[in-house]
There are 2 protein chains.
Amino acid sequence: MQSLIPASVCLLLAATVLAQKPHPCKSPPLLVGRVSLVYPKGQLFVFERFSYDAFGQRVRVRLGGVDHNQTFHKDYLLLYREGLVYEISYRNHTCSKMALEIPFQPMEIPHDATFQAQVIIGSSSAPGEGLLVNNFIGDFPHSEGKYFLTFTEFGCIPITSLTYSATAGYFLASYFDIVIGIEDPEEFIPPDFCDTSKPVEDGEPVTDLFEALLQKNNQ
Amino acid sequence: MQSLIPASVCLLLAATVLAQKPHPCKSPPLLVGRVSLVYPKGQLFVFERFSYDAFGQRVRVRLGGVDHNQTFHKDYLLLYREGLVYEISYRNHTCSKMALEIPFQPMEIPHDATFQAQVIIGSSSAPGEGLLVNNFIGDFPHSEGKYFLTFTEFGCIPITSLTYSATAGYFLASYFDIVIGIEDPEEFIPPDFCDTSKPVEDGEPVTDLFEALLQKNNQ
């Protein structure tokens, strides 16, 4: 009987180690924050303020950045359930409505991603000097591409998302200043002057937000 | 007299705000940690385990990485005061000694760097989900180049160092798993079999560690 005790302790330890291995996770469903984007193909550096609602599948993004040495500012409301994206200009009181044909992508480590490494950004020697994060890698299910994701161990907060595809190259998103919760729920409601905007533009529907943004800025 | 009170409160607040603006800082003098390096010109990705002693101006680095699709491993001991660098191979019991003509560069935000932004990597909504960091930019004093440094607000721990020069391009170092203190002080003492190595090689002295490393791997 006594010989069983070390074996059971070993099993318990093994179970603890297995349980401690970081697993894919979902970020909190309501977030606001900022993100810097680097899209090498089009030399796009975007600094974005975003509000994210995974319950309602709604995203509001205010973009500002430099593309081919020209600065630009944009304000988008993406309503994935309605399949609509609004491009809003408060200054001109204009609003253009386009079809949105991208499925909603929740902020998460996909369930089939592979755990790569757990590291501390900074130092663990004193409180407030470091951040425990997990790195995951995976392949896109429907295209020839890879992703490298870094999320916090506590809270599943996104830190960086690096994606690579043969057609688009590397695309790096670095998140910061994230707050759990929505500061202003009205950000997800189109402003009054959008009611009078044309139903849906005849042009191409939006299938890739960043490709669309690049094309718009190159026109 | 009473009218002076609001003025003095304002002055006090102004002084507090000024005092709170992040200032250049020096990292702790004894550190061990890891760093990933990206050197686009030579497609070098190095994952380094380093020990850093600013008191003795000594650095030990164990490099491993991929250069032009070939993996490599190196072990260097840099003694800046003696002006020597040892390349050590425990497997072959060999040691090559070279002159080191680079001045010691402490881990710090240079005093003339310009504060750019304070951000939270991750989230401040719950403990352990975010890290408060400061971004600084500056110009190299003796060459046409720029640096972008991110260090923690608490502890002045390096997070990223991005340098740019017209000749070398972008060079990115990302630090992680940093511990304050030296785990093994013997790492800064050359192993016994180095005593029998030739005094100093006739070849070029090391003036840029990464350039030297690249050349060695391309030979």
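Just so it is clear, the model here is predicted, and its values are computed rather than measured.

## Considering the interface of chain B and chain A
- Listed as interface residues are 23 residues of chain B and, on the opposing side, 23 residues of chain A.
- Contact between chain B and chain A buries roughly 1800 Å² in total, counting both sides, with carbon and sulfur atoms accounting for 58%.
- Linking chain B with chain A are zero salt bridges, by the criterion used here.
- Put simply, chain B and chain A have ten residue pairs in polar contact (both at pLDDT 80 or more) between them.
- Partitioned by chemical class, the residues of the side of chain B that touches chain A number twelve nonpolar, eight polar and three charged.

## Here we look at the relation of the copies chain B and chain A
- Least-squares fitting of chain B to chain A yields an RMSD of 0.0 Å, with the superposition described by an axial translation of 0.0 Å and a rotation of 180 degrees. What the superposition gives is, in effect, a two-fold axis relating one chain to the other. Of the C-alpha atoms belonging to chain B, the one lying closest to the rotation axis is found on B:Leu131, 3.0 Å away.

## Focus: the environment of B:Leu77
All names here are of chain B.
- Relative to the helices and strands, Leu77 is located in strand β4 (residues 70–79).
- In the structure, Leu77 is positioned eleven residues away from Ile88 in sequence and 7.6 Å away in space, judged by C-alpha atoms.
- Setting aside chain neighbours within four positions, we find Leu77 in contact with Val59, Arg60, Leu84, Val85, Tyr86, Ile88, Glu187, Phe188, Ile189 and Pro190.

## Concerning the pattern of salt bridges
- The tally for this structure, following the rule as stated, stands at 18 salt bridges over all chains.
- Among the ionic pairs, A:Glu183 bridges to A:Arg49, the shortest N-O distance being 3.4 Å. Here A:Arg49 lies in strand β2 (residues 44–53) and A:Glu183 lies in the loop between β11 (169–180) and α2 (209–218), a separation of 134 residues in the sequence.
- Exposure remark for A:Glu183: the relative accessible area of 57% places this residue in the exposed category.
- Since its relative accessible area comes to 34%, A:Arg49 is described here as partly exposed.
- Between B:Glu187 and B:Arg62 there is a salt bridge, with the nearest N and O atoms lying 2.8 Å from each other. One end of the pair, B:Glu187, is in the loop between β11 (169–180) and α2 (209–218); the other, B:Arg62, is in strand β3 (residues 58–67), with 125 residues separating them in the sequence.
- What you see here is one network of salt bridges that share partners, running through A:Arg60, A:Arg62, A:Asp75 and A:Glu187.

## Regarding the pairing of strand β5 (residues 84–89) of chain A
Residues and elements named next belong to chain A.
- The element β5 is extensively covered by neighbouring structure, given that five of its six residues are classed as buried.
- Bridge count for strand β4 (residues 70–79) against β5 is four bridges, and the pairing is antiparallel. Of the residues in β5, the one forming a bridge with Tyr76 is Glu87.
- In this antiparallel pair of consecutive strands, β4 and β5, the connection spans four residues, and Gly83 shows a positive phi of 65 degrees.

## So, unusual backbone geometry
Residue and element names in this part refer to chain A.
- For Gln57, which is not glycine, the phi torsion reads 50 degrees and is therefore positive.
- Relative to the helices and strands, Gln57 resides in the loop between β2 and β3 (58–67).
- Unlike most non-glycine residues, His93 shows phi in positive territory, near 50 degrees.
- Position of His93 relative to the elements: it lies in the loop between β5 and β6 (94–99).
- Using a relative accessible area of 52% as the deciding quantity, one classes His93 as exposed.

## Overview of the state of the cysteines
Residue and element names in this part refer to chain A.
- For the coordinates displayed, the defined rule picks out four disulfides over all chains.
- Two residues share a disulfide in this structure: Cys95 and Cys194, whose sulfurs sit 1.9 Å from each other. Between Cys95 and Cys194 the disulfide shows an S-S torsion of about 90 degrees. By sign, it is right-handed. Of this pair, Cys95 sits in strand β6 while Cys194 sits in the loop between β11 and α2, placing them 99 residues apart in sequence.

Conventions used here
Residues numbered from 1 in each chain as written. Chains lettered and ligands numbered in written order. Predicted model: local features only at pLDDT ≥ 70, side-chain atom pairs only at ≥ 80, totals over all residues. Heavy atoms only, no water. Contact = heavy atoms within 4.5 Å. Buried area = accessible area lost by both parts, 1.4 Å probe. Salt bridge = Lys/Arg side-chain N within 4 Å of Asp/Glu carboxyl O. Polar contact = N/O pair within 3.5 Å; in protein donor to acceptor, adjacent residues only side chain to side chain. Nonpolar A, V, L, I, M, F, W, Y, C, P; charged D, E, K, R; others polar. Least-squares fit on C-alpha atoms with pLDDT ≥ 70 in both. Helix = DSSP H or I, 4+ residues; strand = E, 2+ residues; numbered from the N terminus. Buried < 20%, exposed > 50% of the residue type's maximum accessible area, 1.4 Å probe, protein only. Pairing = 2+ DSSP bridges. Disulfide = S-S within 2.5 Å.

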